[in-house]
Amino acid sequence: MAKLSLFLQQHPNWSSLVLGSLTALAFAPIGFFPIFWICLPALFWLLPIEKITAFTAAKRLWLFSFGGHLAGLYWISAALFTDLQAYWWGLPFSFMGLPFLLAFFPAVPAYLFFKLHKKLRNDPHSAPQKLFYFICLACLLWLGDFARSVLFTGFPWNLSGYSLYSALPLAQGASVIGVYGLSLLLFLCPAFCAALPAFTSRRLLSRLCLFLPTILIFGGGFIWGALRLQEETSFYPNLEVHIIQQSIPQTEKWDAQYRQQNLRAQITALQKARASSPATHRVISILPETAITWPLNRNDTLKKELTKYSQKDDLLIVGSLGFFPSTTGQGQLTNSAYFLSGDLSFQARYDKSHLVPFGEYTPLVGGSGLADTLGLGGGLNAGPTRRTMTLPNLPSVSPLICYEVIFPSQVVNRTQSFPNWLLNITNDGWYGNSAGPYQHFHISQFRAIEEGLPLIRSGNNGISASIDSFGRVIKKANLNEITVLKTQLPKEILSRTFYSKNGHIINLFLLFITITAIFLYLLSLRIRKP
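Residues numbered from 1 in each chain as written. Predicted model: local features only at pLDDT ≥ 70, side-chain atom pairs only at ≥ 80, totals over all residues. Heavy atoms only, no water.

1. What about the overall build of the protein?
Applied cut-off: In this description a helix means any DSSP run of H or I spanning at least four residues, a strand means any run of E spanning at least two, and both kinds are numbered starting from the N terminus. Throughout this description, buried means an accessible area under 20% of the type-specific maximum (1.4 Å probe, protein chains only), exposed means over 50%, and partly exposed covers the range between. Any pair of residues with heavy atoms lying within 4.5 Å of one another is described as a contacting pair. Reported accessibility uses the Shrake-Rupley method at a 1.4 Å probe radius. Residues are deemed covered only where the shown protein chains occlude them.
A tally of helices and strands in the protein yields 18 helices and eleven strands. With respect to the three principal axes, the spread of C-alpha positions in the protein is 80 × 50 × 40 Å. The burial tally for the protein puts 56% of its 530 residues in the buried class. By sequence separation, contacts in the protein at least 24 residues apart represent 72% of the contacts at least 6 residues apart. Split by element, the accessible area of the protein, about 22400 Å² in all, is 64% carbon and sulfur.

2. Regarding the sheet that holds strand β7 (residues 421-426)
Going by this rule: For two strands to pair, DSSP has to find at least two bridges joining them. All axes are obtained by fitting lines to C-alpha atoms, using only the stretch in contact for helices, and the reported angles, taken between N-to-C directions, cover 0 to 180 degrees.
Spatial ordering of the open sheet is given by β6-β7-β8-β9-β10, a layout of five strands whose pairing is mixed. Sheet topology places β6 (397-401) and β10 (473-477) at the edges, where each strand pairs with a single neighbour. The average angle at which neighbouring strand axes cross in this sheet is 10 degrees, direction not considered. Its contacts with the sheet place helix α17 (residues 435-451) against β7, β8 (455-459), β9 (464-467) and β10, and it is angled at close to 160 degrees to β8.

3. Digging into the packing of helix α4 (residues 54-72) against helix α6 (residues 91-102)
Filter applied, for reference: When describing relative orientation, an angle under 35 degrees is termed roughly parallel and one over 145 degrees roughly antiparallel, while 65 to 115 degrees is termed roughly perpendicular and anything else oblique. Crossings are sorted by hand: turned counterclockwise from the far helix by less than a right angle, the near helix makes the crossing left-handed, and turned clockwise it makes it right-handed. Each residue gets one label: Ala, Val, Leu, Ile, Met, Phe, Trp, Tyr, Cys and Pro are nonpolar, Asp, Glu, Lys and Arg are charged, and the others, such as Gly, are polar.
Two elements in contact, α4 and α6, have axes separated by 8 Å at closest approach and are oriented at 140 degrees. As judged from the angle between their axes, α4 and α6 are oblique. Relative to α6, α4 is oriented so that their crossing is right-handed. Here Trp62, Ser65, Phe66, His69 and Leu70 of α4 lie close against α6, whose contacting residues are Phe95, Met96, Pro99, Phe100 and Leu102. Of the residues that constitute the contact of α4 with α6, the class distribution is eight nonpolar, two polar and no charged.

4. Details of the pairing of β8
Worth spelling out the cut-off: Every crossover in which the path from the first strand over the helix to the second runs clockwise, viewed with the strands pointing away from the viewer, is termed right-handed.
Of all five residues that make up β8, five are buried, and the element is covered over most of its length. Of the two faces of β8, the one lined by Leu455, Arg457 and Gly459 and the one lined by Ile456 and Ser458 are each fully buried. In this structure, β7 lies alongside β8, joined through five bridges in parallel fashion. Following the sheet pairing, Leu423 is matched in β8 by Ile456. Following the backbone out of β7, through α17 and into the adjacent parallel β8, one traces a crossover that is right-handed. Here three bridges tie β8 to β9, and the two strands are oriented antiparallel to one another. Its bridge partner being in β9, Leu455 is matched across the sheet by Ile467. Where β8 folds back onto β9 in an antiparallel hairpin, the turn is made up of four residues, including Gly462, whose phi is positive at roughly 100 degrees.

5. Quick look at the packing of aromatic side chains
We count it as follows: Geometry of aromatic contacts follows a simple scheme: Phe, Tyr and Trp rings, the Trp one being its six-membered ring, pair when their centres are within 6.5 Å, and the pair is stacked under 30 degrees between planes, edge-to-face over 60, tilted otherwise.
Evaluated as defined, the whole model comprises 23 aromatic pairs. Here the aromatic rings of Phe114 and Tyr133 are separated by 6.3 Å at their centres, their planes lie at 85 degrees, and the arrangement is edge-to-face. Here the residue Phe114 occupies a position in helix α7 (residues 104-120), and Tyr133 occupies one in helix α8 (residues 127-150), the gap between them amounting to 19 residues. Assessed through its relative accessible area of 0%, Phe114 is described here as buried. Owing to a relative accessible area of 0%, Tyr133 belongs among the buried residues under this scheme.

6. Side note on the pattern of salt bridges
So the rule is basically this: We define a salt bridge as a contact between a side-chain nitrogen of Lys or Arg and a carboxyl oxygen of Asp or Glu at a distance within 4 Å.
Evaluation of the coordinates by the stated rule reveals ten salt bridges. Between Asp351 and Arg349 there is a salt bridge whose closest N-O contact spans 2.8 Å. Given a relative accessible area of 11%, Asp351 falls into the buried group. Among the ionic pairs, Arg447 bridges to Glu450, the shortest N-O distance being 2.8 Å. Highlighted residues: Arg447 and Glu450, both in helix α17, separated by three residues, approximately one helical turn.

7. So, the sheet that holds strand β1 (residues 235-245)
Taken in spatial order, the six strands line up as β5-β4-β3-β2-β1-β11 in an open sheet, and their pairing is mixed. Each edge of the open sheet carries a strand with a single partner, namely β5 (347-351) and β11 (483-490). Each adjacent strand pair in this sheet contributes to an overall mean axis angle of 30 degrees, direction not counted. As defined by bridge partners, strand β4 (residues 332-341) adjoins β5 across five bridges and the pair is classed as antiparallel. Following the sheet pairing, Tyr338 is matched in β5 by Arg349. Packed on one face of the sheet, helix α14 (residues 256-275) meets β1, β2 (282-295), β3 (315-324) and β11 and runs near 175 degrees to β2.

8. Quick look at the confidence of the model for the protein
As a reminder, the rule being used: Confidence scores here are pLDDT values: one per residue, from the predictor, ranging 0 to 100.
Residues at a pLDDT of 70 or more form 93% of the protein, whose mean pLDDT is 89. Every residue in residues 367-378 scores below 50 in pLDDT, and together they form 24 contacts with partners more than four places removed in sequence or on other chains.

9. Section: unusual backbone geometry
The residue after Ala28, namely Pro29, is reached through a cis peptide bond having omega 10 degrees. Along the polypeptide, Pro29 turns up in the loop between α2 (12-22) and α3 (36-45). Residue Ile463 is reached from Gly462 by a cis peptide bond, and omega for that bond is 0 degrees. Tracing the sequence through the fold places Ile463 in the loop between β8 and β9. Here the phi dihedral of Ser409 falls at roughly 60 degrees; this positive angle occurs in a residue that is not glycine. Tracing the backbone shows Ser409 in the loop between β6 and β7.

10. Remarks on the side chain of Asn420
Worth spelling out the cut-off: As used in this structure description, the phrase polar contact means that two N or O atoms lie within 3.5 Å; if the pair is within protein, one of them must be able to donate a hydrogen and the other to accept it, and residues adjacent in sequence are counted only when both atoms belong to side chains.
Within the fold, Asn420 resides in the loop between β6 and β7. There is a polar contact of 2.9 Å between the side chain of Asn420 and the side chain of Glu492. Every residue in contact with Asn420, bar those within four places of it in the chain, is listed here: Tyr236, Pro395, Ser396, Leu453, Pro454 and Glu492.

11. Things to note about α17
For clarity, the threshold we go by: In this analysis, the expected span of each helix is defined as 1.5 Å times one less than the number of residues it contains.
Given a rise of 1.5 Å per residue, 17 residues ought to cover 24 Å, and the 25 Å separating the end C-alpha atoms of α17 matches this to within 8%. Most of α17 is tucked away: 16 of the 17 residues are buried. For α17, the capping residue at the N-terminal end is Ser434, with a side-chain oxygen 3.4 Å from the backbone nitrogen of Gly436. Following α17 by one or two positions, Gly452 adopts a phi angle in the positive range, close to 70 degrees.

12. Quick look at the environment of His354
Relative to the assigned elements, His354 resides in the loop between β5 and α16 (370-374). Given the relative accessible area of 14%, His354 is considered buried. Taking the C-alpha atoms as reference, His354 lies 6.1 Å from Glu404; in sequence the two are 50 residues apart. When near neighbours in sequence (up to four residues on either side) are disregarded, His354 contacts Thr153, Arg386, Tyr403, Glu404, Phe407 and Gln410. At 3.0 Å, the side chain of His354 forms a polar contact with the backbone oxygen of Thr153.

Here it is, written out as structure tokens:
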């Protein structure tokens, strides 16, 4: 351990970058979350409070975060390869630019912390003080993740808690403290292990106690989660869900010469799936995000064609565009989900309310203009808010389009009646066979666990799935598979989860305790200063 610490000190900047990059192994598709117990202690040893300046500490935290985002978000650049000849110039910005900016979220509070720390105390710490210091570093990392999740429309992707998808019993903790709470624990427990060198002169029992938080929290959490998963999944009777996954290549999806061909393929899939199901069963058929590339609200003929093979009491959910006149005369486009009964006596629409910055609109510029000019897919307008859709004689649903599913405690409209299930329609075809679609899929599992609601996921090229209220995958279609996934609709849990009832309060409480821990540490320096 001493040799490792010496090596890190000799190459601190490169070490910070490499350690951060290694944390990407924690996330899908690999899911090796124990990597945090290797990378975080090593990072903390690179920040010796007795020798380091505020700028140097912030730089090393920035490099660590930059490396993590660079390795974990590389797949965003894959979207430009759909037309590389036109958008090659954007590769440096998508590959390096976003990680560059996201890395400032932990670096800025770290700089302020170390700046203030130097004013209060600069002499060596005792072992307990060193432990408290490492706890503060863990809190700073969490604050950085929380800040990027909520500021500037938010981007809560690859929060450390998401790595627990590979250990589903541990992921059950999200039903109580959410993914933010799990993320904080994944930062704090390695901080105790990082303090082990400071306790080498102490008794063996004192050193072993540093492993207790990991053993108690994760050992106990695993046992509790395993017991929670003993409950069997129940389903709505005589109700089927047909998820159409046609894996239409992104290069063909919006090409006019392929539109009719793609439409025919999807209608044929709907027809065959319905014909193979009992007439006594009701069927919810789902087409993914922008499956229909015409504005469906202005095409009644197409609605009739899509529902031609549905029975009267069936429901068809279609991802499509919406087009509405505007005062400017140009009209407004929305990214929408349409809900159509088999006889079209019921029609409803949900417009995506949380748009992707620079992808669906340009911040500060508006819903059109620069994004369209740059070819980034802009020009869309946001809907008003999340909605609980009350369906005729069917369980109510909260629809989520694409990355709306990544926001903890924001997938349900709390002012309306609580839904019976969640729906996520998406098109991850932009990102090919990269880590992106896998990460997106496993993030959606945590929304099911947090809210205690089943989640049906429909992706153009996958990963489509039925997920129960505990995050268990009941059935799924693999990435790039062409299929109709026929499954049942799981029921919600009998009583709402603690997080579903108190999500916003829990998030604020976590923010409060992290800030309080940092404040108390700095206050202790003030009191102890000679």
